[in-house]
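# Architecture and fold: a report
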Amino acid sequence: PRCESCAIRENSFMNQVQLDLLGKVHVFRSSMDMFAEGEHLYYEGDNAQQVYTVYKGWVILYKSLENGNRQILRFALPGDLLCFKVGTNKVMDHSAIAVSEASLCAFPIERFKKTVKELPELAVALSSMSCLISERYHSMLTTIASHPAETKVAFLLLSLYIRQFSVTKKKDDADCCVHFPIKQEDISDALGITSIHVNRVLQSLRKKGLIECKNKCLKIPDQQALAVVAKVDLESLQGLMLGS
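The rules behind the values
- Residues numbered from 1 in each chain as written.
- Predicted model: local features only at pLDDT ≥ 70, side-chain atom pairs only at ≥ 80, totals over all residues.
- Heavy atoms only, no water.
- Salt bridge = Lys/Arg side-chain N within 4 Å of Asp/Glu carboxyl O.
- Helix = DSSP H or I, 4+ residues; strand = E, 2+ residues; numbered from the N terminus.
- Buried < 20%, exposed > 50% of the residue type's maximum accessible area, 1.4 Å probe, protein only.
- Disulfide = S-S within 2.5 Å.
- Contact = heavy atoms within 4.5 Å.
- Core = buried A, V, L, I, M, F, W, Y, C linked by side-chain atoms within 4.5 Å.
- Pairing = 2+ DSSP bridges.
- Phe/Tyr/Trp six-rings, centres within 6.5 Å; stacked < 30°, edge-to-face > 60°.
- Lys NZ or Arg CZ within 6 Å of the ring centre and 35° of its normal.
- Axes fitted to C-alpha atoms, helices over the stretch in contact; angles between N-to-C directions.

## Some details on the pattern of salt bridges
- In this structure the tally under the stated criterion is seven salt bridges.
- The closest approach of N and O atoms between Arg70 and Asp186, which form a salt bridge, is 2.5 Å. Of this pair, Arg70 sits in strand β5 (residues 70-76) while Asp186 sits in helix α5 (residues 184-191), and the two are 116 residues apart along the sequence.
- Relative accessible area serves as the criterion here: at 7%, Asp186 is assigned to the buried category.
- Among the ionic pairs, Arg74 bridges to Asp80, the shortest N-O distance being 3.5 Å. Taken as a pair, Arg74 and Asp80 share a single burial class, namely buried.
- Residues participating in the shared-partner salt-bridge network are Arg70, Asp186 and Asp189.

In structure tokens:
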């Protein structure tokens, strides 16, 4: 699809670029790259050659630890930008792996940077997206550092649900089931709690009727109720996750 008519444009930094300028951005897109579930987009230490925008699917960004474990940095969903680095250093400090079949728009990094210089609106949009990602990081880190496991898991599930729900756009069904391909191990690596503990928390949330999760699909019948467990204001979280 062209950038002007892209279904996920509202979820990406392109949403802040004027419609009549999007044609210039589309011109330098080199390809639509497809990745299978479990396939790496790139590894820590690679030199970035492309800037990616996630069009479809989920991607996990993570760092490998000295003890052989990994720390998940964030979950990239449709609309998210990957691999854009300011400056001359192209070495990636993390790895990225698709956790579902994923399609990504690829832009050659040098041409992308050149276009940013030519289109101030694009530079502003990228800066805004970077600030939004930082705010999400800060919110997640605060939750991870200062709350019990149930609060951590509830916060992560609700955050991802809100973002994926905005992509499905099933506005006629406020409690729709959204694509949710991550596993308990992924939640464990993101929150720093054991997979066994994650399982116990998920079972508890299910028994309380706060979540329904099966066949890689997540449903949250009452977002406000889960927000109470996550110790977060639902409206504020929605604003943060949707960039509004």
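## Observations regarding the state of the cysteines
- A full pass over the atoms with the stated rule returns one disulfide.
- There is a disulfide in this structure between Cys177 and Cys217, and the S-S distance comes to 1.7 Å. Linking Cys177 in the loop between α4 (149-168) and β9 (178-179) with Cys217 in strand β11 (residues 217-219), this pair joins segments that are 40 residues apart in sequence.

## Overview of the environment of Asp189
- Here Asp189 is to be found in helix α5.
- Put simply, Asp189 and Arg70 are 119 residues apart on the chain and 6.3 Å apart in space, counted from C-alpha to C-alpha.
- What Asp189 contacts, discounting residues up to four positions off in sequence, is Arg70, Gln71 and Ile72.

## With respect to the nonpolar core
- Counting residues in hydrophobic clusters, the biggest one holds 47 residues, and the most contacted among them are Phe75, Val153, Leu205 and Ile211.
- Broken down by secondary-structure element, the contributors of at least two residues to this core are β4 (59-64), β5, α3 (120-146), α4, α5, α6 (195-207), α7 (223-229) and α8 (234-242).
- If one sorts the elements of this core by residue count, α4 sits on top with eleven residues.
- Look past the residues within four positions of Leu205 in its chain and what remains in contact with it is Glu150, Val153, Leu157, Leu210, Ile211, Leu226 and Val229.

## What about the pairing of strand β7 (residues 95-98)?
- Across the two faces of β7 the burial is the same, with Ser95 and Ile97 and Ala96 and Ala98 all buried.
- In this structure, strand β2 (residues 40-42) lies alongside β7, joined through two bridges in antiparallel fashion. The partner of His40 across the bridge, within β7, is Ile97.
- The pairing of β4 with β7 spans four bridges and is antiparallel. Bridge pairing in β7 places Leu61 opposite Ala96.

## Observations regarding the packing of aromatic side chains
- Under the definition given, this model contains three aromatic pairs.
- Both rings, one in Phe35 and one in Tyr52, keep their centres 6.2 Å apart while their planes meet at 85 degrees; by these two values the pair is edge-to-face. Residue Phe35 is found in strand β1 (residues 31-35), and its partner Tyr52 is found in strand β3 (residues 50-56); the two are separated by 17 residues along the sequence.
- Judged by centre distance (5.5 Å) and plane angle (80 degrees), the ring pair of Trp58 and Phe180 falls under edge-to-face. In this pair, Trp58 is assigned in the loop between β3 and β4 and Phe180 in the loop between β9 and α5, connecting sequence segments 122 residues apart. For the pair Trp58 and Phe180, a shared accessibility class is recorded, and that class is buried.
- Sitting over the face of the ring of Tyr62, Arg70 holds its NZ or CZ atom 5.7 Å from the ring centroid.

## Describing the sheet that holds strand β8 (residues 102-108)
- The strand order across the open sheet built from four strands is β1-β8-β3-β6, with neighbouring strands paired in antiparallel fashion. Either end of the sheet is taken by a strand with one partner, and the two such strands are β1 and β6 (81-82).
- Here two bridges tie β3 to β6, and the two strands are oriented antiparallel to one another. Looking across to β6, one finds that Tyr52 is bridged to Leu82.
- Sheet strands touched by helix α2 (residues 109-118): β3 and β8. Its angle to β8, the strand with the most contacts, is close to 70 degrees.

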